[in-house]
Amino acid sequence: MSPPVAPPGWSRWLVPPAALSVHLSIGQAYAWSVFKPPLESALHLSGTQSALPFQLAIVMLGLSAAFGGTLVERNGPRWAMTVALVCFSTGFLISALGAQTQQYWLIVLGYGFVGGIGLGIGYISPVSTLIKWFPDRPGMATGIAIMGFGGGALIASPWSAQMLQSFGSDHSGIALAFLVHGLSYAVFMSLGVLLVRVPRSEKPVAAGPSAFQGVQVSARSAVRTPQFWCLWIVLCMNVTAGIGILEKAAPMITDFFADTSTPVSASAAAGFVALLSAANMAGRIGWSSASDLIGRKNVYRVYLGAGAIMYLLIAFFGDSSKPLFILCALVILSFYGGGFATIPAYLKDLFGAYQVGAIHGRLLTAWSTAGVLGPLIVNWIADHQKEAGKHGSSLYGLSFVIMIGLLVIGFAANELVRPVHPRHHVPAPKEAADGRREQPA
């Protein structure tokens, strides 16, 4: 299957909107916490159990991205976006059936397994293409697209809350909300499928640099380098710290201020989720664009070092000041989003654009690990603290201390990143890429 090649005169600025249509849709995953309390009530689940669909979705995101990265490089972004559309929307439809019949395993299968495959393939579908369209500004280009994944919950969170209010928060109302999500996202993602194109040459801008300029390393060689595994640890630690708040955001802010004179309502908690989504989205474009100026290693020093300080402030002072809690959480989520948007450009700097999509896919197994680790740490500790009779902010103190330790580990791994040894370099990636492109479909 040949990817669609841009005709002469095609504007490269049409590619980010195509990527955004997919990423804004699959970014709904970050609004999962809005569904947690209704599911726990309607199906009698614990906090750990209600997190399972989200955790499995993130696991499948990483695995499908890792195993599908080479296919995305070979078949192109349109094929990948089509697969993402089918899997993501089908996952919602299966989940709707599970909610209606009160079969929770169908929600786990639909949203977690099938929908998670759509998340992974959809997430990496535009990354390599964007880097090749924007070799002069790779951080900004991937930030624009991946911004959509962070901002998806900005739409999905209030939308989901409103549907649950209108349809009801029982199993039938949840089922109808899932059904509307599946059908709506199928329509919206189809815009990206129709619009996306790949560049005709390695220099999409005549006066700009080549997409294959500098060091080039194949995906097979990249995973054998210490640089790849240092970045794997960096991404895993940064994601674990952010996702620990994000997955449990709505019940977390409710718990933190439940015993104060200003408790947080369900609608205000949904608003907090939307605010986190905005910070996640802003961090993806803001921090990744900044990385084009100050360098990838320096911006990760900010993510991991300042992130540990934010967690420290929440752990010790969060329950005494709602503005402080919200501000620190917003900063952490901006670092979380920025880490995702900057990592493709970091990979391009180290390994080149030759097979950056496949390398990026393999690296996202760190996200799979973090998708289990972050929610498990926060939910498991909160559940056990609750069983021990604790409440409020005491449910989260230990898990926040663990997050600080993980961020310190990630900071150390980032300091160990060095240029890739020449023995891993590909001698002529341009010719290899051109030869692959010229093969008949």
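Just above, that's the structure.
Residues numbered from 1 in each chain as written. Predicted model: local features only at pLDDT ≥ 70, side-chain atom pairs only at ≥ 80, totals over all residues. Heavy atoms only, no water.

### Quick look at the packing of aromatic side chains
Our working rule: Stacked, tilted and edge-to-face pairs are distinguished by plane angle, under 30 degrees for stacked and over 60 for edge-to-face with tilted covering the rest, among Phe, Tyr and Trp rings (Trp via its six-membered ring) whose centres lie within 6.5 Å. Numbering goes from the N terminus for both helices and strands, where a helix is a DSSP run of H or I of at least four residues and a strand is a run of E of at least two. For each residue, the accessible area found with a 1.4 Å probe, counting protein chains only, is set against the maximum for its type, and the residue is called buried under 20%, exposed over 50%, and partly exposed in between. For a lysine, the NZ atom is tested; for an arginine, the CZ atom; a charge sits over a ring if that atom is within 6 Å of the ring centre and within 35 degrees of the ring normal.
For the structure on display, the rule yields 32 aromatic pairs. When the ring of F88 is compared with that of Y185, the centres are 5.7 Å apart and the planes differ by 50°; the resulting orientation is tilted. Note that F88 is positioned in helix α5 (residues 77–101) and Y185 in helix α9 (residues 171–195), a separation of 97 residues in sequence. On the accessibility criterion, F88 (3% relative accessible area) is buried. What makes Y185 buried here is its relative accessible area of 7%. Note on F92 and Y185: the rings are 6.1 Å apart at their centroids and 35° apart in plane angle, and the pair reads as tilted. Placement of the pair is F92 in helix α5 and Y185 in helix α9, with a sequence separation of 93 residues. Here F92 falls in the buried class, since its relative accessible area comes to 1%. Taken together, W32, F35, F88, F92, Y111, W159, F178 and Y185 form an aromatic cluster joined through their ring pairs. Stacked on the ring of F257, the Lys or Arg K322 has its end atom at 5.5 Å from the ring centre.

### What about the side chain of S25?
In plain terms, the rule: Any pair of residues with heavy atoms lying within 4.5 Å of one another is described as a contacting pair.
Checked against the element boundaries, S25 lands in helix α1 (residues 15–26). A residue is classified by how much of its surface remains accessible, and S25, at 0% relative accessible area, is buried. Apart from the residues within four sequence positions on either side, S25 is in contact with F88, Y185, F188 and M189.

### Notes on the nonpolar core
Rules: In this text, buried Ala, Val, Leu, Ile, Met, Phe, Trp, Tyr and Cys residues form a nonpolar core when linked through side-chain atoms within 4.5 Å.
Ranked by size, the top nonpolar core spans 124 residues in total, and within it Y123, F178, Y311, Y336, F340, F351 and W367 carry the most contacts. Among the nonpolar cores identified, the runner-up in size contains twelve residues, and V15, F134, I144 and A145 belong to it.

### Some words on the packing of α1 against helix α6 (residues 104–124)
The condition that has to hold: Each axis is a line fitted through C-alpha atoms, taken for helices only over the stretch in contact, and angles between the N-to-C directions span 0 to 180 degrees. Note on terminology: angles under 35 degrees are roughly parallel, angles over 145 are roughly antiparallel, angles of 65 to 115 are roughly perpendicular, and the others are oblique. Here a crossing is called left-handed whenever its near helix is offset anticlockwise from the far helix by less than a right angle, and right-handed whenever the offset is clockwise. For this scheme, ten residues count as nonpolar: Ala, Val, Leu, Ile, Met, Phe, Trp, Tyr, Cys and Pro. Four count as charged, namely Asp, Glu, Lys and Arg, and the remainder, Gly too, count as polar.
Put simply, α1 and α6 touch, their axes get as near as 9 Å, and they point 150° apart. One element, α1, and the other, α6, form an angle in the roughly antiparallel class. With respect to the hand of their crossing, α1 and α6 are arranged in left-handed fashion. Along the contact surface, α1 presents V22, H23 and I26, while α6 presents G118, L119, G122 and Y123. In the contact of α1 with α6, the residues fall into four nonpolar, three polar and no charged.

### Notes on a nonpolar patch on the surface
This is how it is decided: Candidate patch residues must exceed 30% relative accessible area and have no salt bridge, after which like charges are joined if within 9 Å and Val, Leu, Ile, Met, Phe, Trp or Tyr side chains if within 5 Å. To be clear on the numbers: accessible area is Shrake-Rupley with a 1.4 Å probe, and residue cover counts the displayed protein chains and nothing else. Here, a salt bridge means any Lys or Arg side-chain nitrogen found within 4 Å of an Asp or Glu carboxyl oxygen.
Together, L93, F167, L176, L179 and L183 make up a nonpolar patch on the protein surface, roughly 400 Å² of accessible area in all. Note on placement: L176 falls in helix α9. Residue L176 is classed as partly exposed on the basis of its relative accessible area, which comes to 36%.

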